[in-house]
Amino acid sequence: QVQLVESGGGLVQAGGSLRLSCAASGSSVSVSISAMGWYRQAPGKQRELVAAITSGGSTNYADSVKGRFTNSRDNAKNTVYPQMNSLKPEATAVYYCALRGLWEADFGSWGQGTQVTVSS
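Calculation criteria
Residues numbered from 1 in each chain as written. Predicted model: local features only at pLDDT ≥ 70, side-chain atom pairs only at ≥ 80, totals over all residues. Heavy atoms only, no water. 1 Å grid on protein atoms, 1.4 Å probe; cavity = no way out; pocket = protein on both sides within 12 Å on 5 of 7 lines; lining within 4 Å. Points joined across faces, edges and corners; volume = space filled by probe spheres on them. Helix = DSSP H or I, 4+ residues; strand = E, 2+ residues; numbered from the N terminus. Nonpolar A, V, L, I, M, F, W, Y, C, P; charged D, E, K, R; others polar. Phe/Tyr/Trp six-rings, centres within 6.5 Å; stacked < 30°, edge-to-face > 60°. Lys NZ or Arg CZ within 6 Å of the ring centre and 35° of its normal. Buried < 20%, exposed > 50% of the residue type's maximum accessible area, 1.4 Å probe, protein only. Contact = heavy atoms within 4.5 Å.

**Student:** How should empty space enclosed by the protein be read in this particular structure?
**Tutor:** Over the atoms, a rolling probe the size of a water molecule traces out where space has been left empty. All chains considered together, the criterion is met by 1 cavity of 30 Å³ or more. Roughly 50 Å³ of volume is contained in the largest cavity. Lining the largest cavity we find Leu 20, Trp 38, Val 50, Ala 51, Phe 69, Thr 70, Asn 71, Pro 82, Met 84 and Tyr 95. If you list the elements that add at least two residues to the lining of the largest cavity, you get strand S6 (48-54), strand S8 (69-74) and strand S9 (79-84). A per-class count over the lining of the largest cavity returns 8 nonpolar, 2 polar and no charged.

In structure tokens:
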């Protein structure tokens, strides 16, 4: 079983920055990760993928955050760190960390979520 613990959310003014983190733990998690990602869900909207990074270091980002968000990973700690810069009010949402195991076709493990609020 995989556990994901997120941290780093909070309130920031538009144009500011936040750095989230997500630590994965569980039996054999370090050898079983295919990718880790971040989704967000704003009130009244569907959950959307913001950024993802594979075990090999390949990254992809939603068009809305390209150039402003950078997702890095510490494989030794099974932790990912999305650095979010130049934040906009529309980035206000609950951000969820997700993990896709080698045995999975899609993200199957989720964190509890962390609130990010960007004030205008």
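**Student:** I tried to follow the packing of aromatic side chains on my own but got confused; where do I start?
**Tutor:** Centre-to-centre distance and the angle between the planes together describe a pair of aromatic rings. Following the criterion strictly, the structure yields 2 aromatic pairs and no others. Put simply, the rings of Tyr 39, Phe 107 and Trp 110 pair up and form one aromatic cluster. Positioned above the aromatic ring of Tyr 96 is the side chain of Arg 47, whose terminal nitrogen or guanidinium carbon lies 4.0 Å from the ring centre. We note Arg 47 situated over the ring of Trp 110; from NZ or CZ to the ring centre the distance is 4.8 Å.

**Student:** It is not clear to me how the environment of Ala 52 should be interpreted in this structure. Could you clarify?
**Tutor:** Relative to the elements of secondary structure, Ala 52 occurs in strand S6. Here Ala 52 falls in the buried class, since its relative accessible area comes to 6%. Taking the C-alpha atoms as reference points, Ala 52 and Trp 103, separated by 51 residues in sequence, lie 17 Å from one another. Filtering out sequence-adjacent residues up to four positions away, Ala 52 remains in contact with Met 36, Gly 37, Ser 58, Thr 59, Asn 60, Asn 71 and Phe 107.

The values reported here are purely geometric and, on their own, carry no functional implication.
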